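Residues per chain are reported as follows:
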Amino acid sequence: MNTTKYTLTMLVENEPGVTARITGLFAGRGYNIETICGAPTANPKMSRITITTHANPLLLEQCMKQIKRLVNVIKLRDMTGEKAIKREMALICVKAKPENQSTIKEIIADFNGTMMDEGTQQYMFEVTGDEDTIDILLEKLEPFGIKRLARSGVLALYKES
């Protein structure tokens, strides 16, 4: 089956169970949600949920129609194209042997990372960027040894200009 990677964002009522109903639609279709982020918006009565998934275009369209019919969903938008700003945050803990510390610090600086904890044998820092940027950073750090990693998942907003 031919699949494409999609980024969907939805504005929903900030009510218990909304996220469960939305994820249930994906599970019912056999889609894996790669990332999901949800948080209240500037209006505390509403939340924004952003989901990334790989899906067959025709089947995803059916799923999106079902999501739109959910009572608590105010707006659903496909953010897959270029007209969206997408970002992800990662917390990374990397092994930092004394002989590698300056190189690791240079890599972190190249990606505009912020050092959060500097131990004698490990560094923990945060970095923000698009998914590809985070993936490239992780590739560069892999030879040193990544001890722990937490990624936020994709956040997306539509460009108005």
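Asks: So, the sheet that holds strand S2 (residues 33-40): which residues are in play, and what are the values?
Replies: Strand order in the open sheet made by the four strands is S2-S3-S1-S4, with antiparallel pairing throughout. The sheet is open, and its two borders are formed by S2 and strand S4 (73-78), each paired with just one other strand. Looking at each pair of strands side by side, their axes are set apart by 15° on average, direction ignored. Pairing of strand S1 (residues 4-13) with strand S3 (residues 46-55) involves 10 bridges; the strand directions are antiparallel. Of the residues in S3, the one forming a bridge with glutamate 13 is methionine 46.

Asks: Give a description of the pattern of salt bridges that names residues and reports values.
Replies: Tallied over the full model, the rule gives six salt bridges. Here arginine 151 ties to aspartate 135 by a salt bridge, and the two come within 2.9 Å at their closest N and O atoms. Of the two residues, arginine 151 sits in strand S8 (residues 146-151) while aspartate 135 sits in helix H4 (residues 131-141), which places them 16 residues apart along the sequence. For arginine 151, a relative accessible area of 32% puts it in the partly exposed group. Where salt bridges share partners, they join Lys5, Glu34 and Glu131 into one cluster.

About the thresholds
- Residues numbered from 1 in each chain as written.
- Predicted model: local features only at pLDDT ≥ 70, side-chain atom pairs only at ≥ 80, totals over all residues.
- Heavy atoms only, no water.
- Pairing = 2+ DSSP bridges.
- Helix = DSSP H or I, 4+ residues; strand = E, 2+ residues; numbered from the N terminus.
- Axes fitted to C-alpha atoms, helices over the stretch in contact; angles between N-to-C directions.
- Salt bridge = Lys/Arg side-chain N within 4 Å of Asp/Glu carboxyl O.
- Buried < 20%, exposed > 50% of the residue type's maximum accessible area, 1.4 Å probe, protein only.

Such coordinate-based values are descriptive only and should not be taken to indicate function.
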